[in-house]
Amino acid sequence: MKSREQALELLQQYTKSESLLRHAFAVEASMRAYAQKSGEDVEKWGITGLLHDFDYEQYPTPQEHTIVGAKILAQQGYPDDVIYAIRAHADYNGLVRDTPLAKALYACDELSGFVMAVAMVRPNRDLADVEVKSVKKKLKDKAFARGVNRDDVYNGAEELGVNLDEHIDFVIRALQNVRGELGLDGQTA
């Protein structure tokens, strides 16, 4: 398995957008937290979260996103289960998420981004102030963060086998641990 530094270098080679980089860091944090909770390989799960969209900026179409990235990851020697989880997080690939790694990535992807969006509209832009009820209320508001697929949020929790409220709370707490890195610590309000 490659190191986080190598994965970060790959991410930054293909991704220049600050918002997409922050999303990668958020999903990484959520994945690391779930790996620790589940007794899984924290480094592997974190790197999977970090790299899940690394090819998106340059290859955003369903015909390319995750497909091109999978080839690059295979050439660089990333494990098959990491590559599969990354491909499986995109529903349009039609892959069954049959491993804890794949299920966790799918469950953490959209929700991590959504929790960040909720924090961004808070008066002080601080993840420390985000609560489960705020996230659930915003999930019902179709006009808020339109790019987030609500079905992925709900289905992700279900596939992971966790209660939605508990999943939201868990992701909020995971992101609070890296809120400075995400720029959501109230310092830039």
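Residues numbered from 1 in each chain as written. Predicted model: local features only at pLDDT ≥ 70, side-chain atom pairs only at ≥ 80, totals over all residues. Heavy atoms only, no water.

A. Spatial organisation of the nonpolar core. Counting residues in each nonpolar core, the largest one holds 60 residues, and the members touching the most others are L11, L51, V115, V135, L175 and L182. With 12 residues, helix α6 (residues 100-120) is the largest single contributor of residues to this core. (Core = buried A, V, L, I, M, F, W, Y, C linked by side-chain atoms within 4.5 Å. Buried < 20%, exposed > 50% of the residue type's maximum accessible area, 1.4 Å probe, protein only. Helix = DSSP H or I, 4+ residues; strand = E, 2+ residues; numbered from the N terminus.)

B. Representation of the layout of surface pockets within the structure. By volume, the largest pocket amounts to about 580 Å³. Lining the largest pocket are 23 residues, with H23, D53, D109, E110 and G147 positioned closest to its centre. Within the residue set of the lining of the largest pocket, elements represented by two or more residues are α2 (18-38) and α6. (1 Å grid on protein atoms, 1.4 Å probe; cavity = no way out; pocket = protein on both sides within 12 Å on 5 of 7 lines; lining within 4 Å. Points joined across faces, edges and corners; volume = space filled by probe spheres on them.)

C. Just the packing of α6 against helix α8 (residues 150-160), in detail. Between α6 and α8, the least distance of the axes is 8 Å, while the angle of their chain directions is 140°. As the angle between them shows, α6 and α8 are arranged oblique. Here α6 and α8 pass one another in a crossing that is left-handed. Of α8, the residues touching α6 (which contributes K103, A104, Y106, A107, E110, L111 and F114) are R150, D151, D152, V153, N155, G156, A157, E159 and L160. Split by residue class, the contact of α6 with α8 holds eight nonpolar, two polar and six charged. (Axes fitted to C-alpha atoms, helices over the stretch in contact; angles between N-to-C directions. Parallel < 35°, antiparallel > 145°, perpendicular 65-115°, else oblique. Left-handed = near helix turned anticlockwise from the far one by under 90°. Contact = heavy atoms within 4.5 Å. Nonpolar A, V, L, I, M, F, W, Y, C, P; charged D, E, K, R; others polar.)

D. Geometry of the packing of aromatic side chains. Enumeration over the complete set of coordinates arrives at three aromatic pairs. For the ring pair Y14 and F54, a centre distance of 5.3 Å and an interplane angle of 85° mean the geometry is edge-to-face. In this pair, Y14 sits in helix α1 (residues 4-14) while F54 sits in the loop between α3 (42-51) and α4 (67-75), placing the two residues 40 residues apart along the sequence. Centre to centre, the rings of Y34 and F170 are 4.2 Å apart; their planes meet at 40°, and the pair counts as tilted. Here F170 lies in helix α9 (residues 164-176) and Y34 lies in helix α2, a separation of 136 residues in the sequence. For the pair formed by Y34 and F170, the shared burial category is buried. Above the ring of F170, the side-chain terminus of K37 is found at 5.0 Å from the ring centroid. (Phe/Tyr/Trp six-rings, centres within 6.5 Å; stacked < 30°, edge-to-face > 60°. Lys NZ or Arg CZ within 6 Å of the ring centre and 35° of its normal.)

These figures capture arrangement, not role.
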